[in-house]
Amino acid sequence: MSKNFDVVVIGGGPGGYVAAIRAAQLGFNTACIDEWKNDKGGPALGGTCTNVGCIPSKALLQSSEHFEHAGHAFVDHGIDVKGLSLNLPQMLGRKDTVVKQNNEGVQYLFKKNKVTFFHGRGSFAKAADGAYEIKVAGAAEEAITAKHVIVATGSNARALPGAAFDEEMILSNAGALAIPEVPKKLGIIGAGVIGLEMGSVWRRLGSDVTVLEGLPTFLGMVDEQIAKEAQKQLAKQGLKIALGVKIGDVALGKKDVTVNYTDASGAAQKAVFDKLIVSIGRLPNTTGLNAEGVGLKLDERGFIAVDGDCKTNLPNVWAIGDVVRGPMLAHKAEEEGVAVAERIAGQHGHVNFNTIPSVIYTSPEIAQVGKTEQQLKAEGIAYKAGTFPFLANGRARALGDTTGMVKVLADAKTDEILGVHIIGPMASELIAESVMAMEFRASSEDIARICHAHPSLSEATKEAALAVDKRALNF
């Protein structure tokens, strides 16, 4: 017999589980369907982000940074380390523990908020009587009914044509997080967030890393000044980055992978790697959803077509996160999930795409919100810019990490903050102040006149805001 719910969420990643929790908080009888499995076959809630994305990558980034500091930076602090060695199984085990803790955390939140969970793959069966029948294919097949459906099925790694992922030699983000031995030569195709973060992890642990990027510019979505600094620092650390390459044949051998490509000058090149990570983007995950069975419309790129409120072409069917337009970011999915639950309740859920921050967790970290300088130029918007280097920040000196800067862009007439770009220590945390400021349409003078704790890294944001008006105090 069918089980009836007010709201059913298909997908238990950041967007899906948050949508389910918010819907339950608003008084709806809510269910969430998710098929991720742990190594014992049990549920592993949290989606790509928790299982093979944001969370495990940050765990390995932290561990590998500790390893690098112990080998190179501790001596500056008067800490001598002798006999340093890498215990990779322990490091990977710690990463798995962090993932498990997050999986269990979501399960606890479902119980706390009385969200019914179904472990299996959710798909549309049919539309009937103003509701939808949803099939759950798990250990035992079930059918449930929903008045409202929120699709939050996320995305999958995009493979190179002719070079399918085997997760042993040719790796997606999932395989990149579980390499059992440090590869001597590691190749990465794609100099985006995943490529640079995974390249940083394995480079710190001893790999000779080469990154091949098809675009002629480095981190084109990042402010150009920040991107140039990032490229310089990552190259200084030992990442070999080749831009403007065209990938040809990828040949899989017994113990290596050969990549044939042409470089930016058009010359033919060949590189042989022990492992190859392919990070050339992600594709919306709609396979098996049976969208065609109920007439759910997809756009020309395979994303579920939605309007500004995340409504699909079907009544009471919504879609959020990586499976719809917009940046593929966990926190964007979460905000959409909350907004949709509130819209179902007749409230006015809101997501401001102009104030969604993005972060790259390399070292130095890169974080930004709002417009880049090149975007403002292209749009013909008159602006003022202020920058402040961490080299002149007392807390950064004490930390021993003075790389990078904070950059504030403000409207030339109104002084409203249009964008903030940071490269340096703890950029991921520092950006929150600027997101808050932009959400309240603050001016650069507003940040400049707010008292910041001393000594703190956040003072660099205040000084960059002061620099917009050419009145920085410490540089």
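To be clear, the structure that these remarks concern was listed above.
Source: prediction; values computed, not measured. (Residues numbered from 1 in each chain as written. Predicted model: local features only at pLDDT ≥ 70, side-chain atom pairs only at ≥ 80, totals over all residues. Heavy atoms only, no water.)

J.: What's the story with the overall build of the chain in this structure? I'm lost.
T.: Along the chain, the regular secondary structure elements total 14 helices and 21 strands. A compact globule built from 475 residues should have a C-alpha radius of gyration of about 23 Å, and the chain, at 24 Å, falls within 12% of that. In terms of principal-axis extent, the alpha carbons of the chain reach across some 70 × 60 × 45 Å. When burial is assessed residue by residue, the chain has 50% of its 475 residues classed as buried. Intrachain contacts of the chain at a sequence separation of at least 6 include 61% that bridge at least 24 residues. Of the roughly 22,200 Å² of accessible surface on the chain, 52% is carried by carbon and sulfur atoms. (Helix = DSSP H or I, 4+ residues; strand = E, 2+ residues; numbered from the N terminus. Rg over C-alpha atoms; globule rule 2.2 N^0.38 Å. Buried < 20%, exposed > 50% of the residue type's maximum accessible area, 1.4 Å probe, protein only. Contact = heavy atoms within 4.5 Å. Areas by Shrake-Rupley, 256 points an atom, 1.4 Å probe, with all protein chains shown as cover.)

J.: Just checking my understanding: could you explain the sheet that holds strand S8 (residues 185-189) for this structure?
T.: Whether parallel or antiparallel, the strands of a sheet pair through hydrogen bonds between backbone atoms. One open sheet holds the 5 strands; their spatial order is S7-S14-S8-S9-S10, and the pairing between them is parallel. Looking at the sheet topology across the chains shown, the edges are occupied by strand S7 (170-171) and strand S10 (240-242). Pairing between S7 and strand S14 (residues 275-278): 2 bridges, direction parallel. When the bridges of S14 are listed, leucine 171 appears paired with isoleucine 277. On the sheet, helix H6 (residues 193-204) packs against S8, strand S9 (208-212) and S14 and is oriented at approximately 170 degrees with respect to S8. (Pairing = 2+ DSSP bridges. Axes fitted to C-alpha atoms, helices over the stretch in contact; angles between N-to-C directions.)

J.: Even after reading the chapter, I still don't get helix H9 (residues 330-344), so can you show me in this structure?
T.: Residue pairs spaced three or four apart in an α-helix point in one direction, given the helix's 3.6 residues per turn. Along its 15 residues, H9 runs 21 Å from first to last C-alpha, staying within 8% of the 21 Å computed at 1.5 Å per residue. Residues of H9 that are buried: Lys332, Ala333, Glu336, Gly337, Ala339, Val340, Ala341, Glu342, Arg343 and Ile344. Close packing links the buried residues of H9 with strand S1 (3-10), helix H1 (14-25), strand S5 (142-151) and strand S16 (317-319). Just beyond H9, the residue with positive phi is glycine 346, at close to 85 degrees. (Expected span 1.5 Å × (residues − 1).)

J.: Is there a simple way to explain unusual backbone geometry in this structure?
T.: The bulk of non-glycine residues show a negative phi, and the bulk of peptide bonds are trans. Along the chain, serine 363 connects to proline 364 via a cis peptide bond; the corresponding omega equals 5 degrees. Position of proline 364 relative to the elements: it lies in the loop between strand S17 (358-360) and strand S18 (365-370). Between histidine 454 and proline 455 the backbone carries a cis peptide bond, its omega angle lying at -5 degrees. Note that proline 455 resides in the loop between helix H13 (444-448) and helix H14 (459-468). Of note in this structure, leucine 219 is not a glycine but carries a positive phi near 50 degrees. Here leucine 219 shows up in the loop between S9 and helix H7 (224-237). The exposure class assigned to leucine 219 is buried, which follows from its relative accessible area of 4%. The backbone of lysine 470 shows a phi angle near 60 degrees, a positive value even though the residue is not glycine.

J.: Mind showing me how you'd approach the pattern of salt bridges here?
T.: When charged atoms on two side chains of opposite charge get close, those side chains can pair. Summed over all chains, the structure comprises 22 salt bridges. Between lysine 228 and glutamate 224 there is a salt bridge, and its shortest N-O distance comes to 3.6 Å. Within this pair, lysine 228 and its partner glutamate 224 are both found in helix H7, separated by 4 residues, close to a single helical turn. In this structure glutamate 224 comes out as partly exposed when scored by relative accessible area, which is 43%. (Salt bridge = Lys/Arg side-chain N within 4 Å of Asp/Glu carboxyl O.)

J.: Honestly, the pairing of strand S11 (residues 246-252) in this entry has me stumped. Any pointers?
T.: One face of the sheet, then the other: side chains in a regular strand alternate in exactly this way. Sheet analysis places S11 next to strand S12 (residues 257-262), joined by 5 bridges and oriented antiparallel. The residue bridging isoleucine 247 from the neighbouring strand is tyrosine 261, located in S12. Turn length for the S11-S12 hairpin, with the two strands adjacent in sequence and antiparallel, is 4 residues.

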